[in-house]
Amino acid sequence: MATSRKIQITTENTGLWHWKQDEAAAKKASELLQHDLEKHHCFFNNSGYHNHIPHHLLSLYGLGASPDIIQKGYNDNVSYQRSSTQVHEDQIGELGDFEKAKEKLGKEEYYADFLAFFQNEIDRLGWQETLNEYMFKGDERGDDMLRRMFASFLHPIIQLMYGIEWQQPAIVAMGLAQAAVHEDNMKSFLVPTEEKASSSSTTTPMPTIASLLEEVATDEKLSTSARNSDGNKLHDGVFARAYDDMIRVASKVKVRPEELEEKTAEMYNTAVYQAASAAIRPGKEPRVDFFLMHHVNVCPIFLAINAQDWISTENKVRLLEWKIRFDLLQYAARACPSLSLDKITGYQPKDKDLKPITELLPRIFALNDDGHIAKLVRAIGICEQISSEYEDRDWMKIKGKDLWMKLNHLVVDSVESKEPRWVRCAGDAEAWKDVPDQKEEGNSRL
């Protein structure tokens, strides 16, 4: 049985895509994830770059990968991981006092302490009630933790996602501990947008997410706020040059409880549409934007959370609203790449015969991947599944078997290509300068 200190993956739970798996793959994933839990820090260097091993191995497992492929994923990334920091045994209990915990929040040297603390709390309360107590309670500490989940391009909440989806208490503890050692640097955006949205008396439904993206793109101040020279395009770009404009647009996001499920699907499908469309630039080989990719990879957690009856509807709605607002912010921070369904439908894959994802997976498994690719492919597959119920909706962008297959080819073609594997600000021409030009027989006419 899985506990706060033991990871045990089973064939009964292969994640939201429900691929069939066998005992050998479950055993291999459990063994490697346990080693990562016990040995590694959540950052692999002193610059705050994240350890993706838990996400990577579970994504591979959730794609039906064999034990050898799972082992390869681990081998490709274990050598550069940092050892976990030493636990301060005499200080763990103090973290239950939020005033004392504040002194250690945002400091990576206390990751092991926070991990041990949340493991102890899970032992005491269970992982569900630990999340309700420390993340969903709605008090100062809960809101602080919830905001930190959105730090550093969503990495803490991505970590938490795999714990909830696979019902692994230890990975839930890792997600909470990882959030605790991140800065609370999204407060200046998440709090005022929420307050402004709450103060609105309108009873009309919120605009479609795609129309809000268009509003960001057509606002000259917002669309030009992030520049290639900015070190952090969120804070040094959008917040520094168009903060009020960003708050104005993002505060239009207001999800009604009765539309939670559909708005979740809309958020997910639109995030995939945004990333896929932004990956195509005339005259260049396709490349997925590294940051927009994270906004797709995190999407399954909103399905996993919606399925939990122990999380209040209020918290589910709140979390979804934050995600949609952050999607709008990230779009502005990536210099508003042009979005068009025609770009995706007009894409011509390297392989002229469209193939289902099952036939593309061997190409994915053969790559040296740090986890981002496997997560992206899995997230897109889950999105296709949940989108089918809403294909008659006006907001639905990506629909139909052929378009989903073309989109999967786009992703595989992109990540198989020469470096750079990703583009890091898809709306900025300068970001594409090192991406090879498109060959004549490809998409030069797009």
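Residues numbered from 1 in each chain as written. Predicted model: local features only at pLDDT ≥ 70, side-chain atom pairs only at ≥ 80, totals over all residues. Heavy atoms only, no water.

S.K.: I tried to follow the confidence of the model for the chain on my own but got confused; where do I start?
M.R.: Close inspection of predicted coordinates is inappropriate in any region flagged by low pLDDT. Put simply, the chain has an average pLDDT of 96, and 98% of its residues get 70 or more. Ignoring residues within four places in sequence, the model shows residues 442–446, a span with pLDDT below 50, making 13 contacts including any to other chains. (pLDDT = per-residue confidence, 0-100. Contact = heavy atoms within 4.5 Å.)

S.K.: Looking at this model, I keep getting lost on the nonpolar core. Mind explaining?
M.R.: Nonpolar side chains in soluble globular proteins generally cluster together in the buried interior. If you look at the biggest cluster of nonpolar residues, it comprises 146 residues, and the most contacted ones within it are L131, F150 and M246. Residues contacting M246, with those up to four places away along its chain left out, are F189, V216, L222, V238, L328, L329 and A332. (Core = buried A, V, L, I, M, F, W, Y, C linked by side-chain atoms within 4.5 Å. Buried < 20%, exposed > 50% of the residue type's maximum accessible area, 1.4 Å probe, protein only.)

S.K.: Would you explain unusual backbone geometry in this entry?
M.R.: As a rule of thumb, non-glycine residues mostly have phi less than zero, and peptide bonds are mostly trans rather than cis. Residue P420 follows E419 across a cis peptide bond; omega there is 0°. Assignment of secondary structure puts P420 in the segment after helix 21 (401–416). Phi is positive for H18, which is not a glycine, with a value near 60°. Classification of H18 by relative accessible area gives exposed; the value is 61%. (Helix = DSSP H or I, 4+ residues; strand = E, 2+ residues; numbered from the N terminus.)

S.K.: Help me out: how do you make sense of a negative patch on the surface in this one?
M.R.: Together, E89, D90, E94, D97 and E103 make up a region of like negative charge exposed at the surface. As for its placement among the helices and strands, E94 is situated in the loop between helix 3 (67–78) and helix 4 (98–101). A relative accessible area of 35% places E94 in the partly exposed class. (Patch = residues over 30% accessible without salt bridge, like charges linked within 9 Å, V, L, I, M, F, W, Y side chains within 5 Å. Areas by Shrake-Rupley, 256 points an atom, 1.4 Å probe, with all protein chains shown as cover. Salt bridge = Lys/Arg side-chain N within 4 Å of Asp/Glu carboxyl O. Lys, Arg positive; Asp, Glu negative; His and termini not counted. Charge placed at Lys NZ, Arg CZ, Asp CG, Glu CD.)

S.K.: Teacher, can you tell me more about helix 8 (residues 151–165) here?
M.R.: One turn of the α-helix equals 3.6 residues, which is why residues spaced by three or four share an orientation. The end-to-end C-alpha distance of helix 8 is 20 Å, a good match for the 21 Å that 15 residues give at a rise of 1.5 Å each. In terms of burial, helix 8 is largely enclosed, as 13 of its 15 residues are buried. Trailing helix 8 by a residue or two, Q167 shows a phi angle of about 50°, which is positive. (Expected span 1.5 Å × (residues − 1).)

S.K.: Before we go on, may I ask you to explain the environment of K418 in this structure?
M.R.: Among the structural elements, K418 can be located in the segment after helix 21. Counting along the chain gives 313 residues from K418 to L105, while the straight-line C-alpha distance between them is 39 Å.

S.K.: Can you walk me through helix 6 (residues 127–134) in this structure?
M.R.: Listed in full, the buried residues belonging to helix 6 are W127, T130, L131, N132 and Y134. Turning to helix 6, the residues buried within the fold contact helix 5 (111–125), helix 7 (140–148), helix 8 and helix 9 (169–180).

S.K.: Please clarify how the packing of aromatic side chains should be interpreted in this entry.
M.R.: The tally for this structure, following the rule as stated, stands at 17 aromatic pairs. Taking 5.9 Å as the distance between ring centres and 80° as the angle between the ring planes, the aromatic pair formed by F44 and Y49 counts as edge-to-face. Here F189 and F239 contribute two aromatic rings whose centre-to-centre distance is 6.0 Å and whose plane-to-plane angle is 25°, an arrangement assigned as stacked. Of this pair, F189 sits in helix 10 (residues 187–199) while F239 sits in helix 13 (residues 233–250), and the two are 50 residues apart along the sequence. Through successive ring pairs, a cluster of aromatic residues spans F114, F117, F118 and Y134. (Phe/Tyr/Trp six-rings, centres within 6.5 Å; stacked < 30°, edge-to-face > 60°.)

S.K.: What should I look at first to understand the pattern of salt bridges in this one?
M.R.: When charged atoms on two side chains of opposite charge get close, those side chains can pair. Using the criterion set out here, one finds 34 salt bridges in the structure. In this structure, the salt-bridge partner of D184 is R147, at a minimum N-O distance of 2.9 Å. Of the two residues, D184 sits in the loop between helix 9 and helix 10 while R147 sits in helix 7, which places them 37 residues apart along the sequence. We note that D184, like R147, is buried. Ionic pairing is found between K263 and E266, a salt bridge with its closest N-O pair at 2.7 Å. Within this pair, K263 and its partner E266 are both found in helix 14 (residues 260–278), separated by 3 residues, close to a single helical turn. Salt bridges linked by common partners bring E215, D219, K221, D245, R248 and K252 together as one network.

S.K.: Can you walk me through the side chain of N408 in this structure?
M.R.: Looking at the secondary structure, you find N408 in helix 21. Relative accessible area serves as the criterion here: at 6%, N408 is assigned to the buried category. Those residues in contact with N408 that sit more than four places away from it in its chain are I357, L360, I380 and E384.

S.K.: Could you clarify how one ought to interpret the state of the cysteines in this entry?
M.R.: Should the sulfur atoms of two cysteines be covalently bonded, the bond is a disulfide. The final tally for this structure, using the stated rule, is 0 disulfides. This cysteine, C336, is not joined by any disulfide, and C425 carries the nearest cysteine sulfur, 9.2 Å off. Cysteine C383 is unpaired, with the sulfur of C299 as its nearest cysteine sulfur at 7.0 Å. C383 sits in the buried class, given a relative accessible area of 0%. (Disulfide = S-S within 2.5 Å.)

S.K.: Help me out: how do you make sense of the packing of helix 2 (residues 53–62) against helix 20 (residues 372–387) in this one?
M.R.: If you want to describe how two helices pack, look at the angle between their axes and the distance between the axes. At a minimum axis separation of 8 Å, helix 2 and helix 20 run at an interaxial angle of 45°. On the basis of their axis angle, the class for helix 2 and helix 20 is oblique. The crossing of helix 2 and helix 20 is left-handed. Across the interface between the two elements, H55, H56, S59 and L60 from helix 2 touch A374, K375 and R378 from helix 20. Residue classes in the contact of helix 2 with helix 20 are distributed as 2 nonpolar, 3 polar and 2 charged. (Axes fitted to C-alpha atoms, helices over the stretch in contact; angles between N-to-C directions. Parallel < 35°, antiparallel > 145°, perpendicular 65-115°, else oblique. Left-handed = near helix turned anticlockwise from the far one by under 90°. Nonpolar A, V, L, I, M, F, W, Y, C, P; charged D, E, K, R; others polar.)

S.K.: What exactly am I supposed to notice about the packing of helix 2 against helix 8 here?
M.R.: Packing of helix 2 against helix 8 leaves a shortest axis separation of 9 Å and a crossing angle of 45°. Looking at the two axes, helix 2 sits oblique to helix 8. In this structure, helix 2 crosses over helix 8, and the sense of that crossing is left-handed. Contacts between helix 2 and helix 8 pair P54, H55, L58 and S59 from the former with I158, Q159 and Y162 from the latter. For the contact of helix 2 with helix 8, a count of residues per class yields 4 nonpolar, 3 polar and no charged.

S.K.: Help me out: how do you make sense of the side chain of E194 in this one?
M.R.: Along the chain, the position of E194 falls in helix 10. There is a polar contact of 2.8 Å between the side chain of E194 and the side chain of R318. Contacts of E194, omitting those with residues within four sequence positions, involve R318, W322 and R325. (Polar contact = N/O pair within 3.5 Å; in protein donor to acceptor, adjacent residues only side chain to side chain.)

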